[in-house]
Each structure stands twice: as structure tokens, then as C-alpha cells.
Amino acid sequence: MALTQFLYDPFTEFDRLFDEAFTSRFRPDSDESRPTTIRPKMDLVETKENVVARFELPGMDQRDVNVEVRNDRLTISGEKKIQTDEGRFVVRERSFGRFARNLQLPEGTEPGSVQAHMEKGVLEVSFPKAPPEQETKTILIEGPKPTQSAPPTERSKK
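Residues numbered from 1 in each chain as written. Predicted model: local features only at pLDDT ≥ 70, side-chain atom pairs only at ≥ 80, totals over all residues. Heavy atoms only, no water.

J.: Sorry, what's going on with the side chain of Ser 126 here?
T.: Of note, Ser 126 is situated in strand 7 (residues 122-128). Setting aside its immediate chain neighbours within four residues, Ser 126 contacts Val 51, Val 52, Ser 113, Val 114 and Gln 115. (Helix = DSSP H or I, 4+ residues; strand = E, 2+ residues; numbered from the N terminus. Contact = heavy atoms within 4.5 Å.)

J.: What is the right way to read the confidence of the model for the protein chain from this model?
T.: Mean pLDDT for the protein chain: 77, with 70% of residues reaching 70 or above. Across the protein chain, strand 6 (residues 115-119) holds the top mean pLDDT of 95, while helix 2 (residues 154-157) sits lowest at 58. The low-confidence segment residues 26-30 (pLDDT under 50) makes five contacts with residues lying over four places distant or belonging to another chain. (pLDDT = per-residue confidence, 0-100.)

J.: How do you make sense of the nonpolar core when you look at a structure like this?
T.: One broad trend across soluble globular proteins is that nonpolar side chains are buried collectively. With 17 residues, the main nonpolar core has Phe 55, Leu 57, Val 65, Leu 74, Ile 76 and Leu 123 as its most contacted residues. Counting residues per element, the ones that place at least two in this core are strand 2 (50-56), strand 4 (73-80), strand 5 (97-104) and strand 7. In this structure Ile 76 touches Phe 55, Val 65, Asn 66, Val 67, Phe 99, Ala 100, Arg 101, Leu 123 and Val 125, once residues within four positions along its chain are discounted. (Core = buried A, V, L, I, M, F, W, Y, C linked by side-chain atoms within 4.5 Å. Buried < 20%, exposed > 50% of the residue type's maximum accessible area, 1.4 Å probe, protein only.)

Structural data, given as C-alpha cells:
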């Protein structure tokens, strides 16, 4: 399967928990304008021809999101701006700030073959799967070689 490098990053959940533990929901007024880092949720789906990455970006417009390909890396970045004209926050649970997610693309992916579409706060980016020659191959591990018996010596001939 070509996607083993994408399937699960155990540190993603750890990063989210760490961020929540040290980012209070009840921030003092002086802290409201300080930008934070957010990490959009992502799903990867493998179809017959493509890999599709879907990112949750609720409340964001496509003008606030960048999709770039450089050196076989896909970068999704942007900023969800805080709405401050509503008054003073009493409780703030929604997240605001900058984000960036990176994915390793199959080697030699042409930037023109990457397509992006955003609708209802979900960004969908598709790109070609790795060709068969780039897929993971399982290598058989052999055991020790059988030893050959030593040729008879002068003592063993007597």
C-alpha cells in the first residue's frame, strides 16, 4: 500500500492535547489579540487513481487558504482571523490563528497534477498515487546459510 507514511501520526493527537492543556479557554482581555497556532483535522482517502486529502477549515474562505507544491511536498497554510467587533469575550472556545500542514507527495509529482477544491469549510486536495515502482516492497529475510562440511584432513584419513 502506497500510503503507509500518511495513515497515522501518533504525535498529532499529542500536539492537540498539549496545545489545549496550555491554551486556556478563558483568556484575559490583553491576550485576545495574540495569534495562536491551529491544526486543522485531516483525512486521507486512497482511490484507484488518486489520493485525496480533506482538511476541516470551518468558517474559512478559500481566499484565506494557500495550497503549494515544492520539492514533492504539499503545504496547506492559512490564517483564521479572530472577529473582535462583537464585544468582550466571556468564553472563547473557537480557535483562531495561523496553520500549516505538510504532506510528502510521491516522488516526481508534477505541481499541475495537484487539484484543490473548497466547499462548506472543507478543503479537498487530490494528487496521483505513487506509481507501482515507488510502492513499498516487502523483502524476505533469509536465515543463516548452511555450513559446508570441511574437507578431510590428514588426521581424519588414518
